[in-house]
Amino acid sequence: MDGGRVARVLVDEPAIDKRFDYLVPESVGDQVRVGDRVRIALAGRRVGGWVMDLDVDPPPGVELRPLARWSGRGPTPDLLELAGWAAWRWAGRPASFLRTASPERVVTGLPSPAAPWAGPSGGGEPGPVGRLAAEALARPRSVVRLPPATDPTDVALAAARRGHTLVLCPTAALARHVADRLDRVGVAVARHPHDWALGAAGATVVGTRAAAWAPVGHLAAVVVIDEHDEAHQQEQAPTWHARDVAAERARRAGVPCTLTSPVPSLEALAWGELLTLPRTAERAGWPVVDVVDMRREDPRTGLLPPRLVAVLRSDRRVVCILNRTGRARVLACAACGELARCERCDANVTQPDEHRLVCLRCGAERPVVCSACGGVRLKALRQGVTRVRDELEALVGEPVAEISGAPGPGAGDPGTRVVVGTEAGLHQVRRADVVAFLDVDQELLAPRYRAAEQALGLVARAARLVGGKERGGRLVVQTFLPQHEVVQAALHGDPARVADAESRRRELLRFPPSAALAEVSGPAAEAFVAALGTPFGVEVLGPADGRWLVRAPDHAALCGALAATERPPGRLRVAVDPPRI
DNA sequence: CGGACAAGCTGA
DNA sequence: CAGCTTGTCCGG
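Residues numbered from 1 in each chain as written. Chains lettered and ligands numbered in written order. Predicted model: local features only at pLDDT ≥ 70, side-chain atom pairs only at ≥ 80, totals over all residues. Heavy atoms only, no water.

**Student:** Explain the protein's contact with DNA strand C to me, please; I cannot follow it from the model alone.
**Tutor:** The immediate surroundings of DNA strand C are formed by 13 residues, with D21, Y22, P59, V62 and R65 found nearest. Of all DNA strand C atoms lying within 4 Å of any protein atom, the proportion belonging to sugar or phosphate reaches 42%. D21 is positioned with one of its backbone polar atoms (N or O) 2.7 Å from a sugar or linking oxygen of DNA strand C. Within the backbone of R65, an N or O atom sits 3.2 Å from a sugar or linking oxygen of DNA strand C. Considering each element in turn, the surface near DNA strand C owes the most residues, 4 residues, to strand β2 (residues 19-23). (Near = heavy atom within 4 Å. Polar contact = N/O pair within 3.5 Å; in protein donor to acceptor, adjacent residues only side chain to side chain. Helix = DSSP H or I, 4+ residues; strand = E, 2+ residues; numbered from the N terminus.)

This is the structure in structure tokens:
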């Protein structure tokens, strides 16, 4: 043999979970490193891949072909190993993680690393949040609970002053804000994914979920902002969570990991040490909360009782949240009282606009007529956003905008003082004085095990929009359950009320974090569940709706069982830690 | 994944 | 038994 280098390559094709060996051409022999992107000829076609190992002994009796092309730098060796771990943890393929860990455009060389901290020495006396952050960063695993009105950037700043930090944010807007603020005080910032190479060389990397896979030269700390936010978790399988990837990464690197959140998840609380501001300071960072006890209101005023009307008629900017689209979700005939049902499948029909009734189950449409008596007046038993918008407009005597999830025309009409929309619309709003939850019970009672946490997360987002008590921020919460811990937590600015009640419930019901769950669905789900069996401590629930739930005492048992099960042919989705069940 | 090839079905 | 479908295996 001629002693040329041999590279072991993982193909960028998640369906091919195998490594192939190639000869490294002399021309690129010096620059090829583990993690680099390459192109190879495989079974007559060209595919991309990653160098997983160099100078390996190829299997005997195979004629090696040369790499077709060297395509530049890729994930660092620590990220290759992290991808292997994540593939186990979320029952996915390493290739899908390595894609996320690779630069968008070809990177052939890295710039020189940035000085970790280029700002004025000291950078001013740290405030209470800075001191709390410093305390947090002295621990390997910490959770900093900051009220909604407090800018979490101070935690990222405290970390960045210690060295190159990885900062993960749930939204691009927040990542931009954090990066801008760090930039302004002299931190060397790499914005992921644009500044991939700078981060790899060494800088404080700021980005959204995908940045959990950004290379960071000389990593000194990891910070996850708003750790409770569901945007940190990928919706498609593998359903990996940036918080968990970040925490594992910090652990492997031996650097501190700090999570921030106004409403820390039970997962976070079970993982690290909780640090909070003094009670009075945290309370002040929550808005004033008006709890409207709907049991005492006149039912004829519907979703718009007098107390809300008074707020609406002030000069304040008000956002009304109702998580029901269309005009009405449940209707009854005004004449005979019969509930409006689908004529084809008998399910409830909804009214998306003035002229149509639509069945959400089978899609059948018909005009707005009672099928029992032929009456043409139907009353909305459960109103939707569109209907409420009409009523609000009549009530306040000025234009009221409806905001939807999709940003588009009319989404954030700045001239409109009162807007109404679903929770997705809350993302569209930049500024508000008051956020009113017209029917918060819908969130509290949602048939999902995380409903309470998710409801408090929604309230916290609204709270951030209106600001704390000193800024005059105000929330209106309309509920038939004024004693519910989510309502009480918001009222007292004390998220522990939800965490305590919820953690007891989860333990009792054996839901995460007291257990680990995976949801198995798709045509091949049944075969997969059969092959899985029920090894030590693992149980299978279902099927319901063609989906199975796999439960185990912890992730080691769950992921171990999933990894030991061969995938049957056919489409299969395995969602570890499913967020919405 | 996508091509190669082998084993099974159909029709005369 | 050609001609086609379906399934399984393999790629360096």
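Now that the structure has been shown, the text picks up again.
**Student:** Where do I start with the protein's contact with DNA strand B in this structure?
**Tutor:** Lining the immediate environment of DNA strand B, one finds E13, A15, I16 and R45. Counting only the atoms of DNA strand B within 4 Å of the protein, the fraction contributed by sugar and phosphate is 45%. Between DNA strand B and R45 there is a distance of 2.4 Å, counted from a base oxygen to a side-chain nitrogen or oxygen. Each residue belonging to the surface near DNA strand B can be placed in one class, and the counts come to 2 nonpolar, no polar and 2 charged. (Nonpolar A, V, L, I, M, F, W, Y, C, P; charged D, E, K, R; others polar.)

**Student:** Where do I start with the packing of aromatic side chains in this structure?
**Tutor:** Aromatic ring pairs are described here by two measures, namely the spacing of the ring centres and the angle between the planes. Taken as a whole and judged by the stated rule, the model has 4 aromatic pairs. Ring centres of W213 and W240 lie 6.1 Å apart, and the angle between their planes is 80°; this geometry places the pair in the edge-to-face category. In this pair, W213 sits in the loop between β9 (204-207) and β10 (219-224) while W240 sits in the loop between β10 and α7 (242-253), placing the two residues 27 residues apart along the sequence. Taking relative accessible area as the criterion, W240 reaches 2% and is therefore assigned buried. An aromatic cluster of at least three residues, connected via ring pairs, comprises F97, W213 and W240. Above the plane of the ring of F511 lies R551, whose end atom (NZ or CZ) is 5.9 Å from the centre. (Phe/Tyr/Trp six-rings, centres within 6.5 Å; stacked < 30°, edge-to-face > 60°. Buried < 20%, exposed > 50% of the residue type's maximum accessible area, 1.4 Å probe, protein only. Lys NZ or Arg CZ within 6 Å of the ring centre and 35° of its normal.)

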